[in-house]
Amino acid sequence: MSTQPLPLAGVTVVTVEQAVAAPFATRQLADLGARVVKIERPDGGDFARGYDTAAQGLASHFVWCNRGKESVAVDLKDPRGLALVRKMVAGADVFVQNLAQGAAARLGLDAATLCAAHPWLIAVDVSGYGAEGPYAHKRAYDMLVQCEAGLVSVTGTPEQPVKSGIPAADIAAGMYAFSGVLAALVRRGTTGRGGPVEVSLLDSLAEWMGHPLHHGMHGGAAPARTGLAHAVIAPYDAYPTTDGLVLLSVQNDREWRRLAERVLGRPELADDPAFATNTARVAGRAATDAVVAAALAPLTAAEALARLDAAGIACARLNSVAELADHPQLTARDRWREVESPVGPLRALLPPIVFPDAPEPRMDRIPALGQDTDEVLAELGVPEPQVKELREAGVIA
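Analysis parameters
Residues numbered from 1 in each chain as written. Predicted model: local features only at pLDDT ≥ 70, side-chain atom pairs only at ≥ 80, totals over all residues. Heavy atoms only, no water. Salt bridge = Lys/Arg side-chain N within 4 Å of Asp/Glu carboxyl O. Buried < 20%, exposed > 50% of the residue type's maximum accessible area, 1.4 Å probe, protein only. Helix = DSSP H or I, 4+ residues; strand = E, 2+ residues; numbered from the N terminus. Pairing = 2+ DSSP bridges. Right-handed = clockwise from strand over helix to strand, strands pointing away. Axes fitted to C-alpha atoms, helices over the stretch in contact; angles between N-to-C directions. Parallel < 35°, antiparallel > 145°, perpendicular 65-115°, else oblique. Left-handed = near helix turned anticlockwise from the far one by under 90°. Contact = heavy atoms within 4.5 Å. Nonpolar A, V, L, I, M, F, W, Y, C, P; charged D, E, K, R; others polar. Lys, Arg positive; Asp, Glu negative; His and termini not counted. Polar contact = N/O pair within 3.5 Å; in protein donor to acceptor, adjacent residues only side chain to side chain.

J.: Just checking my understanding: could you explain the pattern of salt bridges for this structure?
T.: As a working rule, side chains carrying opposite charge can pair if their charged atoms are close by. Within the structure shown, the criterion is met by 20 salt bridges. Of the charged contacts in the structure, one is a salt bridge between Asp334 and Arg337, with a shortest N-O distance of 3.3 Å. Given the relative accessible area of 19%, Arg337 is considered buried.

Here it is, written out as structure tokens:
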């Protein structure tokens, strides 16, 4: 039985956001109990709303990153609209923005300006490349940052570099913005002061590139692209069975011995100098892969996984996205919920952070554009005739 509230209950967040990085960060805050008021353009809102119509008519990116938020449609280019948003920020705990570099500063909504005016406020600037330097004003979409950060150079096959199948730079920046807010809230709890937080997509993804970066800087060369294989561990790859691919990973020489004896049926390979150490197996990767593939090829995927599990060898099935949606582990742990939306209930996963002594994370509705404008303006004390006037003028929607 829950005994504590969600950890961010009572925290109010105002966000001027679009695409993925900042919306992903603020959705984490909403999941953990914060009130998140999302400011959108009246003429279409967050442009991620228009990426696709895959989620029963809604955009899949928007559905993923925007549950649990209130949508207020305000034209920031109109002084009347900007004044409304500044009034919202004055009553907030956290402000987040990921407008194009320089745009927030021109509006007076950059972190430095806001924190100078409101010492208790935590204000987050999410950018592509940071506020300074030769790349500060470059457009910074996810795929471009993946390339600039070198992720694409180490992803793919020896013949073909590829970008990550998910927006890795956006997700990295979103998670650092999320954790930056949490750290700033802790600091404010001890000092009574908020302060600015800066996160860039390039910095975030460069941190995630730590292994190949250090391997290359200190080892002389970056790890080669190896597809599903691991650049410095063998066997670590996908192997065919009679009905699909099975992946396995041997992390040390003790595991190799177990694999050789209990799965490959070749116990002599445990002590063979050509296979006994990881260094030898990587140097002779083709031979290593060949003996593993020969042992698994006659088996079904289920049989191969059963043998590998019994031997204590890490293994997995190569699932499709559809198979992830029906994954038995997610089902067994009751990880799915339904979220309300303008098109009806949509299936969604519970967030990964679990607080067993608190209520479930909030899985509130995905808002329609401007769904909460009137309610939020009423809270600000804007009289109904003025709201009507602003709507007729196109300042709000």
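Anyway, onward from the coordinates.
J.: Help me out: how do you make sense of the pairing of strand S2 (residues 35-40) in this one?
T.: The side chains of a regular strand alternate, first on one face of the sheet and then on the other. Across the six residues that make up S2, a large majority, five, are buried. Bridge count for strand S1 (residues 12-16) against S2 is five bridges, and the pairing is parallel. Within S2, the residue paired with Val14 across the bridge is Val37. Both S2 and strand S3 (residues 69-73) contribute to a ladder of five bridges, which runs parallel. Directly across from Lys38, in S3, lies its bridge partner Ser71. In this fold, S2 hands off to helix H2 (residues 60-65), which returns the chain to S3; that crossover is right-handed.

J.: In this structure, what is going on with the packing of helix H1 (residues 21-31) against helix H7 (residues 168-191)? I would like to understand it.
T.: Geometrically, a packed helix pair is captured by the angle between its two axes and the distance between the axes. Taken N-terminus to C-terminus, the directions of H1 and H7 make an angle of 45°; their axes are 7 Å apart at the nearest point. Looking at the two axes, H1 sits oblique to H7. The hand of the H1/H7 crossing is right-handed. In this structure, H1 uses Ala21, Phe24, Ala25, Gln28 and Leu29 to contact H7, whose residues at the interface are Asp170, Ile171, Ala173, Gly174, Met175, Ala177, Phe178, Val181 and Leu182. Partitioning the contact of H1 with H7 into residue classes produces 11 nonpolar, two polar and one charged.

J.: Can you help me understand the sheet that holds strand S4 (residues 94-97) in this one?
T.: Whenever strands of a sheet pair, they do so through backbone hydrogen bonds, lying parallel or antiparallel. Here we have six strands laid out as an open sheet, ordered S3-S2-S1-S4-S5-S6, and parallel in their pairing. For this open sheet the edge positions go to S3 and strand S6 (195-200), each flanked by a neighbour on one side alone. Put simply, the sheet's adjacent strands are angled 20° from each other on average, direction ignored. As paired strands, S1 and S4 are joined by four bridges and run parallel to one another. Its bridge partner lying in S4, Thr15 is registered against Val96. In the packing of helix H3 (residues 79-90) onto the sheet, the strands contacted are S1, S2, S3 and S4, and the crossing angle to S2 comes to about 165°.

J.: Would you take a moment to explain the sheet that holds strand S8 (residues 244-249) for this structure?
T.: Spatial ordering of the open sheet is given by S7-S8-S9, a layout of three strands whose pairing is antiparallel. Two strands bound the open sheet, and with one partner strand each, they are strand S7 (236-241) and strand S9 (314-317). Averaged over all adjacent pairs, the angle separating strand axes in this sheet is 25°, with direction ignored. Relative to S9, S8 runs antiparallel, the two being bridged by four bridges.

J.: Help me understand the side chain of Asp110, please; the structure alone is not making it clear to me.
T.: Among the secondary structure elements, Asp110 is positioned in the loop between helix H4 (103-107) and helix H5 (111-117). For the buried Asp110, no salt bridge exists, and the shortest N-O distance to an oppositely charged side chain is 8.0 Å, to Arg86. There is a polar contact of 2.8 Å between the side chain of Asp110 and the side chain of Thr113. Beyond its immediate chain neighbours, meaning those up to four positions away, Asp110 contacts Ala104, Ala105 and Asp125.

J.: Quick question: what am I supposed to make of the environment of Ala295 here?
T.: With respect to the helices and strands, the residue Ala295 is situated in helix H12 (residues 285-296). Here Ala295 is in contact with Val263 and Leu264, once residues within four sequence places are set aside.

J.: Just checking my understanding: could you explain unusual backbone geometry for this structure?
T.: It is generally the case that most residues other than glycine have a negative phi and that most peptide bonds are trans. That bond from Ala234 to Pro235 is cis: its omega, -5°, falls within 30 degrees of zero. Mapped onto the secondary structure, Pro235 falls in the loop between helix H9 (210-219) and S7. Non-glycine residue Asp334 carries a positive phi angle of around 55°. Relative to the elements of secondary structure, Asp334 occurs in the loop between helix H15 (328-332) and strand S10 (336-339).

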